[in-house]
Amino acid sequence: MTRVNNDNRLAKRLNAEKRFQFYCISAIAFSLIFVVILFINIFSSGYSAFYKTVIEVDFDVTQIEEDIATLTDLEIRKLDIFRLSKKTIYSLYPDLDDRKSKKMLIKIFSIEYEDEIKSHLIKNKNTLSNIETVFLTASDDVDQVKKGNYPRELSEDRRRIKDIQLSFYDDLEERGKVKYIFNIPFLTRGDSREPELAGVGGSLLGSFFTIITVLILSFPIGILSAIYLQEFAKSNRITDFIEININNLAAVPSIVYGLLALQILLATIQLPRSTPLVAGITLALMTLPRIIIPCRASLKAVPPSIREGALAVGASKFQSVFHHVVPLALPGTLSGTIIGLAQALGETAPLILIGMVAFVVDIPSSPIDPSSSLPVQVYLWSESAERGFVEKTSATIMMLLSFLIVMNFIAVYLRQKFEKRWN
């Protein structure tokens, strides 16, 4: 009877363990399903931003009085070919006489068609023929029609693109004038009010300068602080107070650091507003606890025998720490640092408070130039109603997630490559 009871209890424990494993696997699968849905949703609405619609036109170079080959790039930029550019577009429909129809025809192109023609002349000024084929960027509405995102079935009074513009597009598409090419300017240009011209080049460089500033400031300070607190500082009320506050600072909302930067860095020290320098200092303060805590944990995980062995052969305390303990704690330290930088890369709230939501068109050339960042760019574009900004918001999220995933993979790789296992 006792044996039967023991068998029943054992069976219950085994069944309970199996149920627990099933619940755990179900929770993981449930989470993965949501992650997959998120990625599919972002990718499906954002991949098209990496392509743009262009319309082929024939530009008559002989209409320009100057010899293009003898002009510098700056002189070509200063040429007044606005009327000639409009004439080039009108040549698509030579019989079009109505002024309103001509205006509608112009509007299916981006507002920078003159600059795009000049860029073509600069790029090919030594090989120009009399008639040059130029690909001009289509307007956002036409681009969305090409991508199948525009509801053409709506009545004309409920959409921005007019019926006559749709007829122009359909005719040009039938004539093979409408092309679909990779959107390089999306990666190289700054922000714009026009969706078809907006790019993430400024945000990319802004995020790069910000993260470099965070790394330069937070890594050495965080590592040295962790080494001192773990290896050299005596245990007393002061160090206990410091440790408690470091742990508390790691849980402080990021917007609090933005308020701190707004008051001290901008109002008191008067550093330049909306710059990666201020953003980097702000995020470095936020990242410090996230570096110190895992670094101390890595140092603490090194067996005491390493320290004792180094001291036994005559090494000083400094030598035992920096020659033996720190190198062995490096994997956890590096992975903690990279994860801290990844969190800083995705922060938005503190950057909003220091003014990085300003509309900046120019590409920053240094950390003291005004710029935006990838998460702030997502915030700015998500408030825009145009469908073109919707896809560019998703594309920017794709890029941001890619950077975060790469940084986390690097952290895992470094930890596994350099990690020492102690028996």
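For every chain, the first residue of the written sequence is number 1, and numbering continues from 1 along that sequence. It should be noted that, the model being predicted, local features are given only for residues of pLDDT at least 70 and side-chain atom pairs only at 80 or more, the latter also being counted only at that level, while totals for whole chains, interfaces and linings use all residues. The basis for the side-chain values is all heavy atoms of the structure; hydrogens and waters are excluded.

To continue, consider the sheet that holds strand 2 (residues 131-137). One open sheet accounts for 3 strands, arranged 2-1-3; its pairing is antiparallel. Looking along the sheet, the strands with just one partner apiece sit at the ends: strand 2 and strand 3 (178-182). Strand-to-strand twist across the sheet, computed as the mean angle between neighbouring axes with direction ignored, equals 45°. Contacts between residues were defined by any pair of non-hydrogen atoms, one from each residue, lying within 4.5 Å. A fitted line through C-alpha atoms represents every axis, and for helices the fit uses only the stretch in contact; the resulting angles, taken between N-to-C directions, go from 0 to 180 degrees. A run of DSSP states H or I qualifies as a helix once it reaches four residues; a run of E qualifies as a strand once it reaches two. Both are numbered from the N-terminal end. Packed on one face of the sheet, helix 5 (residues 113-123) meets strand 1 (51-60) and strand 2 and runs near 135° to strand 2. Each pair of strands is called paired provided DSSP finds at least two bridges between the two strands.

So, about the packing of helix 16 (residues 374-382) against helix 17 (residues 387-418). For any two helices packed against each other, the geometry is given by the interaxial angle and the distance between the axes. Relative to each other, helix 16 and helix 17 sit at 160°, their axes nearing to 9 Å. When the axes of helix 16 and helix 17 are compared, the pair comes out roughly antiparallel. Between helix 16 and helix 17 the crossing geometry is left-handed. Two secondary-structure elements touch here, helix 16 through Leu374, Pro375, Val378, Trp381 and Ser382 and helix 17 through Phe389, Lys392, Thr393, Thr396, Ile397, Leu400 and Phe403. Following the grouping adopted for this structure description, the nonpolar residues are Ala, Val, Leu, Ile, Met, Phe, Trp, Tyr, Cys and Pro, the charged ones are Asp, Glu, Lys and Arg, and the polar ones are all others, Gly among them. When the residues that make up the contact of helix 16 with helix 17 are grouped by side-chain class, the tally is 8 nonpolar, 3 polar and 1 charged. Note that the term roughly parallel is reserved for angles under 35 degrees, roughly antiparallel for angles over 145, roughly perpendicular for angles of 65 to 115, and oblique for everything else. A crossing counts as left-handed when the near helix is turned anticlockwise from the far one by less than a right angle, and as right-handed when that turn is clockwise.

On to the nonpolar core, then. For the purposes of this section, nonpolar cores are sets of buried Ala, Val, Leu, Ile, Met, Phe, Trp, Tyr and Cys residues that join through side-chain atoms within 4.5 Å. Summary of the burial criterion: residues with accessible area below 20% of their type's maximum are buried, those above 50% are exposed, and those between are partly exposed, where the area comes from a 1.4 Å probe applied to protein chains only. By size, the foremost hydrophobic cluster in this structure holds 36 residues, and its most contacted members are Phe59, Ile64, Ile68, Ile108, Phe109, Leu121 and Leu136. For this core, the elements supplying multiple residues, two or more each, are strand 1, helix 3 (82-90), helix 4 (99-106), helix 5, strand 2, helix 6 (140-146) and helix 7 (163-174). Excluding residues that lie within four positions of it along the chain, isoleucine 108 makes contacts with Ile55, Ala138, Ser139, Val142, Gln165, Phe168 and Leu172. In terms of nonpolar packing, the next biggest core, distinct from the first, is built from 25 residues, Ile338, Ala342, Ala344 and Leu414 among them.

Moving on to the packing of aromatic side chains. Stacked, tilted and edge-to-face are the three classes applied to pairs of Phe, Tyr and Trp rings, where Trp contributes its six-membered ring and a pair requires centres within 6.5 Å; stacked means planes under 30 degrees apart, edge-to-face means over 60, and tilted covers the rest. According to the stated counting rule, one finds 12 aromatic pairs in the structure shown. The interplanar angle of 25° and the centroid separation of 5.6 Å between the aromatic rings of tyrosine 51 and tyrosine 180 together place this pair among those described as stacked. Of this pair, tyrosine 51 sits in strand 1 while tyrosine 180 sits in strand 3; the two residues are 129 residues apart in sequence, bridging distant segments of the chain. Tyrosine 51 sits in the partly exposed class, given a relative accessible area of 35%. Taking relative accessible area as the criterion, tyrosine 180 reaches 39% and is therefore assigned partly exposed. One aromatic cluster is present, formed by Phe50, Phe186, Trp381 and Phe389 through successive ring pairs.

Before going further, it helps to spend a moment on the pattern of salt bridges. Counted as salt bridges are all cases of a side-chain nitrogen of Lys or Arg within 4 Å of a carboxyl oxygen of Asp or Glu. All told, the structure shown has 12 salt bridges when counted by the stated rule. Of the charged contacts in the structure, one is a salt bridge between glutamate 112 and arginine 189, with a shortest N-O distance of 3.0 Å. Taken together, the positions of glutamate 112 in the loop between helix 4 and helix 5 and arginine 189 in the loop between helix 8 (185-188) and helix 9 (201-232) put the pair 77 residues apart, joining distant regions of the chain. Taking relative accessible area as the criterion, glutamate 112 reaches 23% and is therefore assigned partly exposed. Note on arginine 189: relative accessible area 26%, which makes it partly exposed. Across the pair lysine 118 and glutamate 114 runs a salt bridge, and its minimum N-O distance is 3.5 Å. With lysine 118 and glutamate 114 both in helix 5 and 4 residues apart, this pair spans about one turn of that helix. Its relative accessible area of 5% is what places lysine 118 among the buried residues.

Apart from glycine, the bulk of residues carry a negative phi angle, and the bulk of peptide bonds sit in the trans form. The backbone phi angle of glutamine 270 is positive, close to 65°, even though this residue is not glycine. In this structure, glutamine 270 sits in the loop between helix 11 (254-268) and helix 12 (276-301).

The N-to-C vectors of helix 9 and helix 12 enclose an angle of 35°; their axes lie 6 Å apart at closest approach. Once helix 9 is placed against helix 12, the crossing between them reads as right-handed.

One less than the residue count of a helix, multiplied by 1.5 Å, gives the span that helix is expected to have. Here helix 7 contains 12 residues, and its C-alpha end-to-end distance of 16 Å stays within 8% of the 16 Å for a straight helix at 1.5 Å per residue. Listed as buried for helix 7 are Gln165, Leu166, Phe168, Tyr169 and Leu172. Take helix 7 and look down its axis: the buried residues cluster within an arc of 155°, on one side only. Residues of helix 7 that are buried make contact with strand 1, helix 4, helix 6 and strand 3. Relevant arc is that of directions from the helix axis to the C-beta atoms, nothing else.

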